Structures are given as structure tokens and as C-alpha cells.
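Okay, here's what each chain looks like letter by letter:
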Amino acid sequence: MKKWCIGMLVWCVAGGLCALSAHAMGGHQPTLGQRALMLAMTTLSASPGDEGLALVTNAGYVNHQGESTGEILDTVTRLSAMGRGKGNLLSVHARRDAPLFMVFVHQKGPKELAAVSITATGDQLEASEVFNLWVGVGTSFEPLTRILGSRAFAVATLANACYDGIPESLVQAALFHDHFCCGVASGYFTAGFILDQRPLRDGESYTYMGIPAWCQDDYIAHALNLTPGKRCYLSMAYPSRRPWQTAEATWENIGGVIIRFNKATQTGDATVLNYRWQTDDFVESLGLSPDELDWHKDLWLHACYNRYVFQNPHAPEDFLSVHKTVELTSQADFDRLTRLGANPLAVILGKDTEW
């Protein structure tokens, strides 16, 4: 029985690759995407139609040998069970002159993400050894960094998100951000709070101000379509853990400013948000204390935190509340918040005696 199963596995893998090769050739030289897919499937002992496959790549953004790499995405979609609409073809935002990378993943079990990195040097492709990309409590990134270099954190967090049931809009924003840290995840709740608690009224549009700006801003800009080029996203440098101190109150956990404004009627409002990081229950689930964790060095924390937050019920109100809202009754009110040299925190909360 065991020999029969092994034989069937070899036959299925070989058959799948032969079919892929025949389809790829079509009487012509196979493309870069076709050759990368065949090499990855051979190395992973997988077939292109298998369940549990994923690809993390910067193809679609970068050029290779002066040519677009969009063909790789088209080929993988056409010849395999991977596709953007299926949530397992992840195209990572990158500079167009960055080196091309492709990491194919095959889920073999709940804690086993067999992966292979395919690199391209000119026309030549090279496959790494097979390695486990799953990230759990205490996972060392040293083996991943040895194979993937500086891309290890990005590839690992994005690949784990693919299998962890993370909301599609959050994965898409993490791809734009180029990795999936807990900061991007916080934007999911901020955007949800804005839509729930500050919905647009007739004729209004949003302007979001990252004060302070952090990784969540890429989710907010992406999910709410608020981009700098449309002048509806602004950012100002402010220390992330510094409270805003006025003569009347101390405002902790400043979490950004959301403006609703109707240009026709010149009315709206501006709200300073309060963002409270909720990590106590997560840390408790690990059996650790906060003093034992370093979010900059213990990179596994990000994948584990994101997994925990979205596999346990959390609502935007668990993280966010309103510090203060002021009404806007003119274009001048809006300009006082957004023009060059403005200080929205001082306008809304009052003057900080030490700022």
C-alpha cells in the first residue's frame, strides 16, 4: 500500500509537470514565468494544480533585463491553482529597479509551509533549498534571512497571512506596504472605526492626517482611497508615544486626525483619534510578560500577533475612541488644519505648553 501511494505521488507530480511543460513550450521557448513555475514545482515535489500553493513575488512591479515581469503573474494564474482572486498570488510593492524575487510556498500541514526561493540572474534560474516559512512563537529568522536576505521578514509575514485567514483588504494593503507588521494591522481597525463612527454625509469627503504617521497609514490610504496626490492624505512628524499636553488636559495615545468636509457648503468636522494598542491578551496567551518581548528584534511577534487578533473576535472600538471633535464652518477652518505650517493638534485640542 505504501509503495502504491508513493508511486501515485511520483506519477501525479511528474504528470503535472509534463503537462505544464507541454503547455509551456507550445513549440516555443518557455517564458521566464513558465520556467520558474516548473522549477519550483519540481523542487517542492508539487503539481501546479495542488491545493495550498502560494507565490510571494515582486513580479508585476519590477523589471528584469529591461522587460516587464507581469508575464510571470499571467503565467502562474493561467497554469496553476494560484491567482490574485484566490488570495494566493501575492505581488509585493517594490521599486521598479529592485531585483526580481519569487518564493513559491506549498502548505504541507498546519505548521509546515514548504517554500523555495527562485532567483533569476540573466536568463538563468536557481532554486534554493526547501525551507519552512511558517512563523510561530519564538521562530528564529536567521535561517530565513540566510536564504531570503533582507526580504525574509516581508516574505514570511505575507506568506503566513495568506494561510491565516487575514481579511483580503488587509493583505492587499500589506502588499502595498511591502510587509505585514502589526502596524499595518492597526490600520484595519482605524479605517473601520472611521467608517462606522464618522461616515460621510452628502457631499463630504475625507482627509486623513497621519499625526503621528505609522504603518497603519498605508492601510488607511489604500482602503479608503486617500492618497497624497489627491490631497486627501497628509502626514506630520510627531513622536508616537508622546502625549499632547494642554493646560486643561493630557491627551494620550494620539492616533491620527480624520476630517470630513463638504467643499460646497464649507462645513464639516475634524476629529483627533485615540488609538490604544491591545496587546495584554495576546501576551497573556503566550504565557509571557511584556518585559520579555521586543517588537523590533523578536520578528515572530508580528506574524503571531496578527494571527491572534484575526482569529479572536476584535472590533474597532476595542482599539479606538474619540479624543475630541470640532466643527468646521468655513474653508478657512479647513485650511487652518491642512495648510503649510498648520498644527492640527493645537487647533483641535489646544496649545501644548511644551511643543
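### Topic: the overall build of the protein chain
For the protein chain, the count of helices and strands is 13 helices and 15 strands. In terms of overall dimensions, the protein chain has C-alpha extents of about 75 × 50 × 35 Å along its principal axes. Counting every position in the protein chain, which comprises 355 residues, the buried fraction comes to 49%. Here the analysis covers contacts within the protein chain between residues at least 6 apart in sequence; of these, 66% occur between residues at least 24 apart. For the protein chain, the exposed area adds up to about 17,400 Å²; of that, 53% sits on carbon and sulfur atoms. Averaged over its 27 positive side-chain charges, the protein chain has a centre that lies 4 Å from the centre of its 36 negative ones.

### As for the nonpolar core
Among the nonpolar cores identified, the biggest contains 63 residues, and Val103, Leu133 and Phe180 are the most heavily contacted of them. When residues of this core are assigned to their parent elements, the largest contribution, eight residues, is made by helix H10 (residues 300-311). Residue contacts for Val103: discarding those within four places in its chain leaves Ala54, Leu55, Val56, Ala115, Val116, Ser117, Phe131, Leu133, Leu148 and Val155. By size, the runner-up hydrophobic cluster in this structure holds 26 residues, among which are Val76, Met102, Phe104 and Leu125.

### Focus: the packing of helix H6 (residues 168-177) against helix H8 (residues 216-223)
Packing of H6 against H8 brings their axes to within 9 Å, and their N-to-C directions diverge by 120°. In the crossing of H6 with H8, the sense of the turn from one axis to the other is right-handed. In contact with Ser169, Leu170, Gln172, Ala173, Phe176 and His177 of H6, H8 contributes Asp218, Tyr219 and His222. Grouping the amino acids of the contact of H6 with H8 by side-chain chemistry returns four nonpolar, four polar and one charged.

### Focus on the packing of aromatic side chains
Summed over all chains, the structure comprises 19 aromatic pairs. Relative to Phe153, the ring of Phe141 lies with its centre 6.2 Å away and its plane at 45°, an arrangement referred to as tilted. Linking Phe141 in the loop between strand S8 (131-132) and helix H4 (142-148) with Phe153 in helix H5 (residues 152-163), this pair joins segments that are twelve residues apart in sequence. As far as burial versus exposure is concerned, Phe141 and Phe153 are alike and both buried. With a centroid separation of 5.7 Å and an interplanar angle of 55°, the aromatic rings of Phe282 and Tyr308 are classed as tilted. Taken together, the residues span a long stretch of sequence, with Phe282 in helix H9 (residues 280-286) and Tyr308 in helix H10 at a distance of 26 residues. Here the two residues Phe282 and Tyr308 agree in accessibility, since each one is buried. What links up through ring pairs into an aromatic cluster is the set Tyr188, Phe189, Trp214, Tyr219, Tyr275, Trp277, Phe310 and Phe319.

### Focus on the pairing of strand S13 (residues 254-262)
Put simply, side chains in a regular strand alternate between the two faces of the sheet. With respect to burial, S13 is a largely interior element, nine of its nine residues being buried. Note that strand S9 (residues 204-210) and S13 share six bridges and pair antiparallel. Pairing of Ser205 across the sheet is with Phe261, part of S13. Across seven bridges, the pairing between S13 and strand S14 (residues 267-275) is antiparallel. The partner of Phe261 across the bridge, within S14, is Gly268.

### A word on the side chain of Thr57
Among the secondary structure elements, Thr57 is positioned in strand S1 (residues 53-57). Within the local environment of Thr57, its side chain forms a polar contact with the backbone nitrogen of Ala59, the two atoms lying 2.9 Å apart. In terms of polar contacts, Thr57 uses its side chain to reach the backbone carbonyl oxygen of Phe101, at 2.6 Å. If we ignore the near neighbours within four places in the chain, the residues touching Thr57 are Leu73, Leu90, Ser91, Val92, Leu100, Phe101 and Met102.

### What to know about H5
An α-helical segment advances 3.6 residues per turn. Residues three or four places apart therefore align on the same side. In this model, H5 (twelve residues) spans 17 Å end to end at C-alpha, consistent with the 16 Å of a helix rising 1.5 Å per residue. Across the twelve residues that make up H5, a large majority, ten, are buried. Regarding H5, the residues found buried are Ala152, Phe153, Ala154, Val155, Ala156, Thr157, Leu158, Ala159, Asn160 and Ala161. One or two residues past the end of H5 sits Gly165, with phi positive at roughly 70°.

Conventions and cut-offs
Residues numbered from 1 in each chain as written. Predicted model: local features only at pLDDT ≥ 70, side-chain atom pairs only at ≥ 80, totals over all residues. Heavy atoms only, no water. Helix = DSSP H or I, 4+ residues; strand = E, 2+ residues; numbered from the N terminus. Buried < 20%, exposed > 50% of the residue type's maximum accessible area, 1.4 Å probe, protein only. Contact = heavy atoms within 4.5 Å. Areas by Shrake-Rupley, 256 points an atom, 1.4 Å probe, with all protein chains shown as cover. Lys, Arg positive; Asp, Glu negative; His and termini not counted. Charge placed at Lys NZ, Arg CZ, Asp CG, Glu CD. Core = buried A, V, L, I, M, F, W, Y, C linked by side-chain atoms within 4.5 Å. Axes fitted to C-alpha atoms, helices over the stretch in contact; angles between N-to-C directions. Left-handed = near helix turned anticlockwise from the far one by under 90°. Nonpolar A, V, L, I, M, F, W, Y, C, P; charged D, E, K, R; others polar. Phe/Tyr/Trp six-rings, centres within 6.5 Å; stacked < 30°, edge-to-face > 60°. Pairing = 2+ DSSP bridges. Polar contact = N/O pair within 3.5 Å; in protein donor to acceptor, adjacent residues only side chain to side chain. Expected span 1.5 Å × (residues − 1).

In short, the description is geometric, and any link to function would need to be established separately.
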